[in-house]
Amino acid sequence: MKLSISSEFRKVALITYTISAEVVEKYLPDHTKLDFYNGECLISLVGFQVQKLKVSGVKLPLLKDFEEIDLQIYAKRFDGAKWRKGVVVIKRIFDRPGAAALTNTIFKTNYTSLQATGTIKETEESLVVKYSWQYNKMNQNFQVRSSHLAAPYDKNTEAAFLLDRPYGYLMAGEKTFEYQLDHVDWHLYTVEEYAVDVDFSRQFDPAFNLLNEQTPRSVILTEGSTVEIGENVEVGS
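One structure accompanies this document, and this report is about it. Worth saying up front: this structure is predicted, and the values here are computed from it rather than measured.

The rules we used
Per chain, the residues get numbers from 1 upward, laid out in the order the sequence is written. Reporting in this predicted model follows two pLDDT cut-offs: at least 70 for local features of residues, and 80 or more for side-chain atom pairs to be given and counted; totals over whole chains, interfaces and linings ignore these cut-offs and use all residues. Only hydrogens and water are set aside; all other atoms, that is, all heavy atoms of the structure, feed into the side-chain values. For two strands to pair, DSSP has to find at least two bridges joining them. Note on conventions: DSSP H or I runs of at least 4 residues are helices, E runs of at least 2 residues are strands, and numbering of each starts at the N terminus. In this scheme, a residue with accessible area under 20% of its type's maximum is buried, one over 50% is exposed, and one in between is partly exposed, where area comes from a 1.4 Å probe on protein chains only. The contact definition used throughout considers only heavy atoms, calling two residues in contact when any of these lie within 4.5 Å. Any Phe, Tyr or Trp ring, taking Trp's six-membered ring, that has another such ring centre within 6.5 Å forms a pair; planes under 30 degrees apart are called stacked, those over 60 apart edge-to-face, and the others tilted. Two conditions define a charge sitting above a ring: the NZ of Lys or the CZ of Arg must be within 6 Å of the ring centre, and it must be within 35 degrees of the ring normal.

## Details of the pairing of strand 11 (residues 167-172)
Side-chain positions along a regular strand alternate between the two faces of the sheet.
Then, number 1: The sheet contact formed by strand 6 (residues 83-94) and strand 11 spans 3 bridges and is parallel. Paired with Val-88 across the bridge in strand 11 is Tyr-169.
Then, number 2: In this antiparallel pair of consecutive strands, strand 11 and strand 12 (residues 175-182), the connection spans 2 residues, and Gly-173 shows a positive phi of 65°.

Written out as structure tokens, the structure reads:
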């Protein structure tokens with residue numbers, strides 16, 4: 001039985017930083033390389049709502065709707081004919097203790113279960129999206145305020161580099177797996193303000209301490225869409 005996932009990713013916020021390639025290379029699965037934007041290595045803190053989750057067409061009542069926070073880098077793999085652009089998620093956070101262990105076992109993911117919430121506030125003038133979680137009794141959060149105006153992005157921009165990623169890569173033991181990510185092009189809200197209160201060094205890796213004082217290079221907020229995630233396929237050299 002093929003285990004594929006369909007769901008909706010909504011209110012997707014990306015806070016993106018520049019980081020040294022040497023710091024994140026250890027997270028790359030075998031057979032992949034870092035993908036650079038104009039010569040720079042990027043890392044993104046991503047928050048989104050997962051809604052209407054189905055696994056192989058079956059609804060999971062206890063895992064239907066939740067918030068997820070990811071820390072991801074950008075990678076590529078040469079398949080013999082062309083480069084496949086994808087993401088590598090360093091860590092995934094969501095508030096489902098039992099489901100985290102089960103999902104990690106079945107899908108070879110790296111979920112960590114922490115108390116996580118997402119809040120959406122809409123007025124006539126603005127949209128405010130906030131993602132929060134608890135780590136060692138410390139509150140971690142980031143939020144983005146935007147107008148209600150959403151528009152397509154230019155394919156030669158950083159937004160396209162970050163969002164046009166049809167593949168994901170993960171490592172389980174000594175094996176590398178690839179999965180497909182399929183969704184329509186997302187329209188971007190016009191970001192007006194943002195705030196980040198996250199201790200990257202404690203939450204993710206001491207080497208990420210430099211992100212604590214760094215100003216994000218870009219902040220994106222998009223409504224998102226339905227997303228189809230294919231099964232994990234082992235890849236070789």
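## Here's the deal with the side chain of Asp-70
Then, number 1: As for its placement among the helices and strands, Asp-70 is situated in strand 5 (residues 66-78).
Then, number 2: A relative accessible area of 4% places Asp-70 in the buried class.
Then, number 3: Residues contacting Asp-70, with those up to four places away along its chain left out, are Ser-44, Leu-45, Val-46, Phe-48, Val-89, Lys-91, Arg-92 and Ile-93.

## Quick look at the packing of aromatic side chains
Then, number 1: Counted under the stated rule, the structure contains 10 aromatic pairs.
Then, number 2: Note on Phe-200 and Phe-204: the rings are 6.0 Å apart at their centroids and 35° apart in plane angle, and the pair reads as tilted.
Then, number 3: Cluster of aromatic residues (ring-pair linked, three or more members): Tyr-17, Phe-200 and Phe-204.
Then, number 4: Above the ring of Trp-83, the side-chain terminus of Lys-76 is found at 4.6 Å from the ring centroid.
Then, number 5: Over the ring of Phe-161 we find Arg-165; its NZ or CZ atom is 4.4 Å from the centre of that ring.

## Points about the pairing of strand 10 (residues 138-151)
Then, number 1: As defined by bridge partners, strand 9 (residues 127-135) adjoins strand 10 across 9 bridges and the pair is classed as antiparallel. Residue pairing across strands places Lys-130 opposite Gln-143, the latter belonging to strand 10.
Then, number 2: Connecting strand 9 to the next strand, strand 10, in antiparallel fashion are 2 residues, including Asn-136 with a positive phi near 50°.

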